[in-house]
Amino acid sequence: MSRCVAILATMDTKGEECEYLQEEIERLGARVMLIDFGVVGITPIEVDANKQSIAVLGGSSLDQLLENPSREISSEVMVKGATVLMNRLIAEDKVHAIISLGGTQGTSNGCAVMQALPYGFPKLMVSTMASGDTSAYVGIKDISLMFSVSDILGLNPFSRRILSNAAGAAYGMALTSGKIEFNGDKPVIGISNLGVLTQGTMKAIRLLSEKGYECIVFHAVGAGGRAMEQMMKDGIISAVFDFGLGD
């Protein structure tokens, strides 16, 4: 089956880079869907989902957003629209990975969309912000960050190499993309753990495995606990052994 990688970006400022990224992914053998969630500026390349359609999916229109331009309002609408589109495409098995690129605002918006996508679906963010505290961008989702090193502004020998690497990463993840498969005969057990409790956690896994259960262990340092709670809400985890009672 042919795989498809979605490229999400503000195409008015990242059009040249996205076009190069598209060429690299297609050269590897996958199809590409270009999604523009910019607001101001002219889109210099042909896209599959334009900013007008994304704004409508977000509950507004591009004309309304441009009447009294507000970065905060525009970001909320375009993130919502892109999220609606991506979840629809994933449910219909039409896309198999997403890659986005951007600076401060682009990373924040791109990762906000990724945080709303299912666990296991490949998510790659190429960002100028990937060297530092990235907790706000990753949240509790399996988002991969690639540091662009230089600003994502124009093509040059260095940026082409970075984007080529990113294309290879997105393509490779798209090949493995699929739903997380669980054995429905036994519930999956979530276990919280801390380093000093690892031996006890390992024993718990062994005892539960002997009974036919599978376990997912979470480092109880904040994000791990929140991820466990989200997986409970998603129905991935149906029972919990809260062993590592950390903050």
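Residue numbers run consecutively from 1 along every chain, following the written order of its sequence. Per-residue local features are limited, in this predicted model, to residues with pLDDT of at least 70; the limit for side-chain atom pairs, both in listing and counting, is 80 or more; totals at the level of whole chains, interfaces and linings are taken over all residues. With hydrogens and water stripped out, all remaining heavy atoms of the structure feed into the side-chain values.

Let us look at helix 7 (residues 157-176). Comment: elements are numbered from the N terminus, with helices defined as DSSP H or I runs of at least four residues and strands as E runs of at least two. One less than the number of residues in a helix, times 1.5 Å, gives the span that helix is expected to have. In this model helix 7 runs 30 Å from its N-terminal to its C-terminal C-alpha over 20 residues, within 8% of the 28 Å that 1.5 Å per residue would give. Classification of residues uses two cut-offs on accessible area relative to the type maximum, computed with a 1.4 Å probe and protein chains only: under 20% is buried, over 50% is exposed, and between them is partly exposed. Along helix 7, the residues that are buried comprise Ser159, Ile162, Leu163, Ser164, Ala166, Ala167, Ala170, Tyr171 and Ala174. Distance and chemistry together define a polar contact, namely a pair of N or O atoms within 3.5 Å, with one atom able to donate a hydrogen and the other to accept it when in protein, and with adjacent residues in sequence counting only for side-chain atoms on both sides. Its side-chain oxygen placed 3.0 Å from the backbone nitrogen of Phe158, Asn156 serves as the N-cap of helix 7.

Attention now goes to the sheet that holds strand 1 (residues 4-9). Spatially, the five strands line up as an open sheet ordered 2-1-3-4-5, and their pairing is parallel. Strands with a single pairing partner mark the edges of an open sheet, and in this sheet they are strand 2 (31-36) and strand 5 (144-147). Ignoring which end each strand starts from, the neighbouring axes of this sheet average 20° apart. We call two residues in contact when some of their heavy atoms are within 4.5 Å. To define axes, lines are fitted to C-alpha atoms, for helices over the stretch in contact only, and angles between the resulting N-to-C directions are given on a 0 to 180 degree scale. Set on the sheet, helix 5 (residues 104-115) makes contact with strand 1, strand 3 (97-102), strand 4 (123-127) and strand 5; between it and strand 4 the angle comes to about 175°. We call two strands paired when DSSP finds no fewer than two bridges between them.

In this structure, strand 6 (residues 188-193) lies alongside strand 7 (residues 214-219), joined through six bridges in parallel fashion. Note on strand 7: the bridge partner recorded for Gly190 is Ile216. The β-α-β motif built from strand 6, the intervening helix 8 (residues 198-210) and the parallel element strand 7 has right-handed crossover chirality. Looking down the strands as they point away from the viewer, one classifies a crossover as right-handed if the path from the first strand across the helix to the second runs clockwise.

Our next topic: a negative patch on the surface. Excluding any residue in a salt bridge, patches collect residues exceeding 30% relative accessible area, merging like charges within 9 Å and nonpolar Val, Leu, Ile, Met, Phe, Trp and Tyr side chains within 5 Å. Working definition of accessibility: Shrake-Rupley area with a 1.4 Å probe, residue cover restricted to the visible protein chains. Only one rule defines a salt bridge in this text: a Lys or Arg side-chain nitrogen within 4 Å of an Asp or Glu carboxyl oxygen. Neither His nor the chain ends contribute to the count of charged residues, in which Lys and Arg are positive and Asp and Glu negative. Each charge is placed at NZ for Lys, CZ for Arg, CG for Asp and CD for Glu. A grouping of Glu16, Glu19, Glu23 and Glu26 is seen on the molecular surface, where their side chains present a negatively charged patch. Tracing the backbone shows Glu26 in helix 1 (residues 11-28). Accessibility expressed as a relative area gives 40% for Glu26, which makes it partly exposed.

Here we come to the sheet that holds strand 6. Taken together, three strands build an open sheet; the order of strands is 7-6-8 and the sheet is parallel. Two strands in the sheet have a free side with no partner beyond their single neighbour: strand 7 and strand 8 (239-241). Direction aside, neighbouring strands of the sheet carry axes that sit 25° apart on average. Packed onto the sheet, helix 8 meets strand 6, strand 7 and strand 8 and runs at close to 170° relative to strand 6. Packed on one face of the sheet, helix 9 (residues 223-233) meets strand 6, strand 7 and strand 8 and runs near 145° to strand 7.

Below, the discussion takes up the pattern of salt bridges. Per the counting criterion, the structure on display carries three salt bridges. Residues Glu24 and Arg27 are paired through a salt bridge, measuring 3.0 Å at the closest nitrogen-oxygen approach. Note that Glu24 and Arg27 are positioned in helix 1 at a spacing of three residues, about one turn of the helix. Asp142 is paired through a salt bridge with Lys123; the nearest N and O atoms lie 2.7 Å apart. With Asp142 in the loop between helix 6 (135-138) and strand 5 and Lys123 in strand 4, this pair connects stretches of sequence that are 19 residues apart. By relative accessible area, Lys123 is classed as buried at 1%.

Now for the side chain of Thr83. By the element assignment, Thr83 lies in helix 4 (residues 71-91). Beyond its immediate sequence surroundings of up to four residues, Thr83 is in contact with Val113 and Ala116.

Cysteine sulfur atoms are paired as a disulfide whenever they fall within 2.5 Å. Tallied over the full model, the rule gives zero disulfides. Of the cysteine sulfurs around Cys18, a residue in no disulfide, the closest is that of Cys4, at 14 Å.

By size, the foremost hydrophobic cluster in this structure holds 30 residues, and its most contacted members are Ile35, Ile54, Met78, Met86, Val95 and Ile98. The set of elements that each furnish at least two residues to this core consists of strand 1, strand 2, helix 2 (51-57), helix 3 (62-67), helix 4 and helix 5. No other element matches helix 4, which puts eight residues into this core. Among the buried residues, those of types Ala, Val, Leu, Ile, Met, Phe, Trp, Tyr and Cys that are joined through side-chain atoms within 4.5 Å form a nonpolar core.

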